[in-house]
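Observations on the three-dimensional arrangement
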Amino acid sequence: MKAAVSAIEFFRRTLAYPDWRGRIFYGILRSVFACVPIRRRLVLDALEASFPEKDAAWRRKTLHGIYRHFSWMIVEFLAAVNNPALVSKMVVQVEGREIVDRLMAEKKGCFILTGHFANWEICGAWMPQNGYPMMPAARDADDPDFAELIEHYRSTLGEKTLRKGAMNVRHMIKQARAGGMIALLADQDAGPDAEPVTFLNRRTTMVEGPAALSLMSGLPLITIYSLRLAPFKYRIIMLPPITTGCEERTKVHISEITQKANDVLDQMVRRAPEQWFWFHRRWKNDPDRPGVRAQ
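The present account deals with the structure reproduced in this document. Predicted, not measured: the structure shown is a model, and the values here were computed from it. (Residues numbered from 1 in each chain as written. Predicted model: local features only at pLDDT ≥ 70, side-chain atom pairs only at ≥ 80, totals over all residues. Heavy atoms only, no water.)

Side note on the packing of aromatic side chains
Here the distance between the centres and the angle between the planes together describe a pair of aromatic rings. Per the stated rule, a full pass over the model turns up 22 aromatic pairs. With centroids separated by 6.0 Å and ring planes inclined at 10°, the aromatic side chains of Y67 and F279 adopt a geometry described as stacked. Here Y67 is found in helix 4 (residues 56–82), whereas its partner F279 is found in the segment after helix 11 (251–271), with 212 residues between them in sequence. In this structure, Y67 and F279 share a single accessibility class: buried. Among the aromatic residues, ring-to-ring pairing joins F33, Y67, F70, W120, F277 and F279 into one connected group. Sitting over the ring of Y17, R21 keeps its end group 4.0 Å from the ring centre. Above the plane of the ring of W283 lies R202, whose end atom (NZ or CZ) is 4.5 Å from the centre. (Phe/Tyr/Trp six-rings, centres within 6.5 Å; stacked < 30°, edge-to-face > 60°. Helix = DSSP H or I, 4+ residues; strand = E, 2+ residues; numbered from the N terminus. Buried < 20%, exposed > 50% of the residue type's maximum accessible area, 1.4 Å probe, protein only. Lys NZ or Arg CZ within 6 Å of the ring centre and 35° of its normal.)

Given below as structure tokens:
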């Protein structure tokens, strides 16, 4: 992995800029995806199951859109590391900002539901750069060298990430009650023992964390995500609370809120399917068929 980290650093220093160099870098990445179509069959099968009303031509077009989107995302993220001021320039629209500004005025923290959609790294950097004390709770990459590199990049962009020991329930609730905004990326497979939900027409599981943390802390759970408008141009979308956090903390309420949160993520993906991270094996666990690997 050290060789890959060195390659990333080389391309960041030489080509990750919002000009002709960035377009060359994008072209290189698109060529890589064309020669090595990462998890092509997995993505096409997932698109077919999630959008049964669409035909094969739409699925192929969406697949190419996914590769284009993630090629630009890499260029943009590394360009922002080279010049953190680019982050605010990239965000050209903000929808629903009054929702978060109201919480700030009340000196009230919250938990944020988000996912691996559009450019979550730029969204995560835009928030603290613009006065919102957001801290993502993120699991480290499996490779320690790559994990260290990503953490360095996020720190350069002004993000304070809750990692490992800081990702315990008490600490996150304490940070949120002190006015922090804890972001939870909750759109990946959660294992066989997590909460059963239906996501994009298929049964799967979702972590209870967003719902449980909101109810345990008495703080709202809101949704924030970005949406690509063009290369280096994004809209940030802030949605009304899924829960205020004042509901009774029962298993039934946690299950209901978890499904509501899942539905919000579902709508997010349907808004622009090519901007979601389809490469993840999202439907590995079918709660209706315990022990059967569904994907």
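Some remarks on the pattern of salt bridges
What the rule picks out here adds up to 9 salt bridges. Between R21 and D19 there is a salt bridge, with its nearest N and O atoms 2.7 Å apart. By relative accessible area, which is 25% here, R21 ends up partly exposed. Linking E121 and R154 is a salt bridge whose minimum nitrogen-to-oxygen distance equals 2.7 Å. (Salt bridge = Lys/Arg side-chain N within 4 Å of Asp/Glu carboxyl O.)

Description of the sheet that holds strand 1 (residues 91–95)
With mixed pairing, 6 strands are arranged side by side in an open sheet as 1-8-7-2-4-3. Either end of the sheet is taken by a strand with one partner, and the two such strands are strand 1 and strand 3 (134–137). The average angle at which neighbouring strand axes cross in this sheet is 30°, direction not considered. Both strand 7 (residues 221–230) and strand 8 (residues 233–243) contribute to a ladder of 8 bridges, which runs antiparallel. When the bridges of strand 8 are listed, L221 appears paired with T243. (Pairing = 2+ DSSP bridges. Axes fitted to C-alpha atoms, helices over the stretch in contact; angles between N-to-C directions.)

Purely spatial values, then, with no claim about function.
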